[in-house]
Amino acid sequence: LYRRYGLWFRLRKLIIWLLGVYIAIPFLVKLCPAIQAKLVFLNFVRVPYFIDLKRPQDQGLNHTCNYYLQPEEDVTIGVWHTVPAALWKNARGKDQLWFEDALGSSHPVILYLHGNAGTRGGDHRVELYKVLSSLGYHVVTFDYRGWGDSIGSPSERGMTYDALHVFDWIKARSGDNPVYIWGHSLGTGVATNLVRRLCERETPPDALILESPFTNIREEARSHPFSIYRYFPGFDWFFLDPITTSGIKFANDENVKYISCSLLILHAEDDPVVPFRLGKKLYNIAATSRSFRDYKVQFVPFHTDLGYRHKYIYRSPELPRILREFLGKSEHEHRH
């Protein structure tokens, strides 16, 4: 009986301790909004960890060059440029100047904006670069300030400015070649911020592709599978308001009302991170927006049975056809 009582006492003590931590966390987040910002960005999570970002060839990207650009003083961002597979042999042993000049070759360019956590060398990201390269695209991607080996402190404003800097850097070298912007997950928020700004200054990209997008960061945070507090009294006040206080909005649903270029949305029905319904909701907002009245807006779902979840749409054998048909029409619209 004494042993049983001692076990129950320890178990009860553990339960009380866990309950205390569970209740304390919302107050901690409310008092320190920076905690919530870190959970949105997850830039401190570097997976795979043992990877030299200066050597993309270690990831099988033998036709990729690593650059460093400086969007602002005290900010340096690491960039990868993968040339189309057709240029693979010519790219071997070439320096940065050759790769920069290659952007002017007769191949379209995709600026890829990745999601939170990890780096530009993430496995699923590398696989997508390979697919896009095989289809004849230049792929330029980078780590936002505070991610990977990029220097600076993360913020929505900073991420958007980094993307704008890289876009302008590409346009200065790509001539009349089409430039498309592809955002994934949190990167869709950066992408719509960027494209809205480009459209406002009347230099829109040739098309925008959003993979696994959400409507806005508050709605995504409320729907995220790790939001174990979503039913906690005052969830918005404790958890969502600190995100807004930190200047984080990623308002895709507002941005699409000011975007004037072709839009393609890709979303898997079994996405466990960004619910499929949010991607569909964003499409419905864009499809009825006056800003898209002269442009193609397309939503492509991927059935649950395919198992593409949040980051494996690159595996779809239909993706080359989808891009060829959509971007082909976008190029036609651009020329006319």
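First, a word on scope: everything that follows refers to the structure included in this document. Only a predicted model underlies this, so the values are computations on that prediction, with no experimental measurement involved.

Cut-off values and rules
Residues numbered from 1 in each chain as written. Predicted model: local features only at pLDDT ≥ 70, side-chain atom pairs only at ≥ 80, totals over all residues. Heavy atoms only, no water. Pairing = 2+ DSSP bridges. Helix = DSSP H or I, 4+ residues; strand = E, 2+ residues; numbered from the N terminus. Axes fitted to C-alpha atoms, helices over the stretch in contact; angles between N-to-C directions. 1 Å grid on protein atoms, 1.4 Å probe; cavity = no way out; pocket = protein on both sides within 12 Å on 5 of 7 lines; lining within 4 Å. Points joined across faces, edges and corners; volume = space filled by probe spheres on them. Nonpolar A, V, L, I, M, F, W, Y, C, P; charged D, E, K, R; others polar. Patch = residues over 30% accessible without salt bridge, like charges linked within 9 Å, V, L, I, M, F, W, Y side chains within 5 Å. Areas by Shrake-Rupley, 256 points an atom, 1.4 Å probe, with all protein chains shown as cover. Salt bridge = Lys/Arg side-chain N within 4 Å of Asp/Glu carboxyl O. Buried < 20%, exposed > 50% of the residue type's maximum accessible area, 1.4 Å probe, protein only. Core = buried A, V, L, I, M, F, W, Y, C linked by side-chain atoms within 4.5 Å. Contact = heavy atoms within 4.5 Å. Parallel < 35°, antiparallel > 145°, perpendicular 65-115°, else oblique. Left-handed = near helix turned anticlockwise from the far one by under 90°. Arc of directions from axis to C-beta. Phe/Tyr/Trp six-rings, centres within 6.5 Å; stacked < 30°, edge-to-face > 60°. Lys NZ or Arg CZ within 6 Å of the ring centre and 35° of its normal.

Digging into the sheet that holds strand β2 (residues 75-82)
Phase 1: One open sheet holds the eight strands; their spatial order is β1-β2-β4-β3-β5-β6-β7-β8, and the pairing between them is mixed. Every other strand in the sheet has two partners, leaving β1 (64-72) and β8 (297-302) as the edge strands with one partner each. Averaged over all pairs of adjacent strands, the angle between strand axes in this sheet comes to 20°, irrespective of strand direction.
Phase 2: Taken together, the seven bridges between β1 and β2 define a ladder with antiparallel strand orientation.

Some remarks on the layout of surface pockets
Phase 1: There is about 170 Å³ of room inside the second largest pocket.
Phase 2: In terms of lining residues, the second largest pocket is bounded by Glu-156, Arg-157, Thr-160, Asn-193, Arg-197, Gly-247, Lys-249, Phe-250, Ala-251 and Asn-255.
Phase 3: Only α6 (156-174) and α7 (186-200) provide two or more residues apiece to the lining of the second largest pocket.
Phase 4: Tallied by class, the residues present in the lining of the second largest pocket amount to two nonpolar, four polar and four charged.

Re a nonpolar patch on the surface
Phase 1: A surface patch of nonpolar side chains, about 700 Å² in accessible area, is lined by Trp-8, Leu-11, Leu-14, Ile-15, Trp-17, Leu-18 and Val-21.
Phase 2: By the element assignment, Ile-15 lies in helix α1 (residues 2-31).
Phase 3: Take Ile-15: its relative accessible area is 45%, and that puts it in the partly exposed class.

A few points about the nonpolar core
Generally speaking, soluble globular proteins have nonpolar side chains that are buried together.
Phase 1: Judged by nonpolar contacts, the single largest core of 62 residues is most densely connected at Phe-41, Leu-111, Leu-113, Phe-142, Ile-181, Leu-208 and Phe-250.
Phase 2: For Leu-111, the contacting residues outside a window of four places in its chain are Val-140, Phe-142, Ala-163, Val-166, Phe-167, Ile-170, Tyr-180, Ile-181, Trp-182 and Leu-194.
Phase 3: Core analysis: the second largest hydrophobic core is formed by 30 residues, Val-131, Ile-209, Leu-266 and Leu-319 among them.

Points about the environment of Gly-118
Phase 1: Examined against the element boundaries, Gly-118 turns out to sit in the loop between β3 (109-113) and α5 (123-134).
Phase 2: According to the relative accessible area criterion, Gly-118 is buried, its value standing at 8%.
Phase 3: Here the alpha-carbon distance between Gly-118 and Gly-148, two residues 30 residues apart in the chain, equals 7.2 Å.
Phase 4: Apart from the residues within four sequence positions on either side, Gly-118 is in contact with Leu-42, Val-45, Arg-46, Val-47, Arg-125 and Trp-147.

With respect to the packing of α6 against α7
Phase 1: Where α6 contacts α7, the axes come no closer than 9 Å and their chain directions differ by 60°. Relative to α7, the element α6 is oriented oblique. Relative to α7, the crossing made by α6 is right-handed. Along the contact surface, α6 presents Glu-156, Met-159, Thr-160, Tyr-161, Ala-163, Leu-164 and Phe-167, while α7 presents Leu-186, Val-190, Asn-193, Leu-194, Arg-197 and Leu-198.

A closer look at helix α2 (residues 33-41)
Phase 1: Those residues of α2 that fall on the buried side of the exposure criterion are Gln-36, Ala-37, Val-40 and Phe-41. Buried residues of α2 fall within an arc of 135° about the axis and therefore sit on the same side.
Phase 2: Following α2 by one or two positions, Leu-42 adopts a phi angle in the positive range, close to 50°.

Examining the packing of aromatic side chains
Phase 1: Within this structure, the stated rule accounts for 13 aromatic pairs.
Phase 2: Considering the side-chain rings of Phe-41 and Trp-147, the 5.6 Å spacing of their centres and the 75° angle between planes classify their relative orientation as edge-to-face. Taken together, the residues Phe-41 in helix α2 and Trp-147 in the loop between β4 (138-142) and α6 connect sequence positions 106 residues apart. Across this residue pair, the class does not change: Phe-41 and Trp-147 are buried.
Phase 3: Ring geometry for Phe-142 and Tyr-144: centres 5.3 Å apart, planes at 80°, overall edge-to-face.
Phase 4: Judged by relative accessible area, Phe-142 falls into the buried class, the value being 1%.
Phase 5: Of the aromatic side chains, those joined through ring pairs into one cluster are Phe-41, Phe-142, Tyr-144 and Trp-147.
Phase 6: Seen from the ring of Trp-98, Lys-94 lies directly overhead, with NZ or CZ sitting 5.6 Å from the centre.

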